[in-house]
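So the chains spell out like this:
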Amino acid sequence: MPVESAKELFRHSLATLAYRGGKAFGGAPDAFSDFRVAPGSRTAGEILAHIGDVLDWALIMAKDKHVWHESAPQAWNQDVERFFKVLAELDAFIASDAPLQAPLDKLFQGPVADALTHVGQIAMMRRLAEAPLKGENFFRADILIGRISPA
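Residues numbered from 1 in each chain as written. Predicted model: local features only at pLDDT ≥ 70, side-chain atom pairs only at ≥ 80, totals over all residues. Heavy atoms only, no water.

Student: Before we move on, can you summarise the packing of helix α2 (residues 44-63) against helix α3 (residues 76-95) with the specific residues and values?
Tutor: Between α2 and α3, the shortest axis-to-axis distance is 9 Å and the interhelical angle comes to 20°. In this view, α2 runs roughly parallel relative to α3, as classed from their interaxial angle. Note on packing geometry: the crossing formed by α2 with α3 is left-handed. Taken together, the residues that form the contact of α2 with α3 break down as 15 nonpolar, 2 polar and 6 charged. (Axes fitted to C-alpha atoms, helices over the stretch in contact; angles between N-to-C directions. Helix = DSSP H or I, 4+ residues; strand = E, 2+ residues; numbered from the N terminus. Parallel < 35°, antiparallel > 145°, perpendicular 65-115°, else oblique. Left-handed = near helix turned anticlockwise from the far one by under 90°. Nonpolar A, V, L, I, M, F, W, Y, C, P; charged D, E, K, R; others polar.)

Below, the structure written as structure tokens:
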């Protein structure tokens, strides 16, 4: 696949992640950050903080090197803001002419796919916490490359 086509598909994946994240994170009940499925499992807030860490990792690898940093959860809204901020930074970097220090396929199969998985976990947790998301046909969703904002 030509590099520009790969970049476009990767950036569409980031916009999809933003759209789905916006749906899963938006309107969560006040206590949702502390919700956990079972003893010993991560809370919703811990999962959201981990998503931020995964996206930070993707940006760091795209720019420079493999560095992992684990963050403690913040207030739900702060971690939602962090999600969109780092996702926008990653999208802008991919859209730029700066050289990539990690291949797009590896960035997708590692951090981006992991983030998508965790967004799905949070969506499932919303249902278990009796705060379900409204059903939607994502095939018809208005997702545009470069649109990295809450849905």
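Having put the structure on the table, let's press on.
Student: Lay out the nonpolar core in plain terms, naming residues and giving numbers.
Tutor: F25, I51, W76 and I122 are the most contacted members of the largest nonpolar core, which has 41 residues in total. A per-element tally of this core places α2 first, with 11 residues. Not counting residues up to four positions away in its chain, the partners in contact with W76 are F25, A28, F32, S33, A44, G45, L48 and I122. (Core = buried A, V, L, I, M, F, W, Y, C linked by side-chain atoms within 4.5 Å. Buried < 20%, exposed > 50% of the residue type's maximum accessible area, 1.4 Å probe, protein only. Contact = heavy atoms within 4.5 Å.)

Student: I'd like to hear about the pattern of salt bridges, residue by residue, with values.
Tutor: This model, assessed by the stated rule, comprises 7 salt bridges. Between K65 and D64 there is a salt bridge, with the nearest N and O atoms lying 3.2 Å from each other. Of the residues examined, D64 reaches a relative accessible area of 48% and is grouped as partly exposed. (Salt bridge = Lys/Arg side-chain N within 4 Å of Asp/Glu carboxyl O.)

Student: Give me the packing of aromatic side chains: which residues, what numbers.
Tutor: Counted according to the given criterion, the structure contains 7 aromatic pairs. Ring centres of F25 and W76 lie 6.1 Å apart, and the angle between their planes is 85°; this geometry places the pair in the edge-to-face category. Here the residue F25 occupies a position in helix α1 (residues 3-25), and W76 occupies one in helix α3, the gap between them amounting to 51 residues. When sorted by exposure, F25 lands in the same class as W76, which is buried. Ring centres of W57 and W68 lie 5.8 Å apart, and the angle between their planes is 85°; on these two criteria the pair is classed as edge-to-face. In this pair, W57 is assigned in helix α2 and W68 in the loop between α2 and α3, connecting sequence segments 11 residues apart. Grouping aromatic residues by their ring pairs yields a cluster made of F25, F32, F35, W76, F83 and F84. Against the face of F138 rests R20, its NZ or CZ located 3.8 Å from the ring centre. Positioned over the ring face of F32 is R126, at 6.0 Å from the centre of the ring. (Phe/Tyr/Trp six-rings, centres within 6.5 Å; stacked < 30°, edge-to-face > 60°. Lys NZ or Arg CZ within 6 Å of the ring centre and 35° of its normal.)

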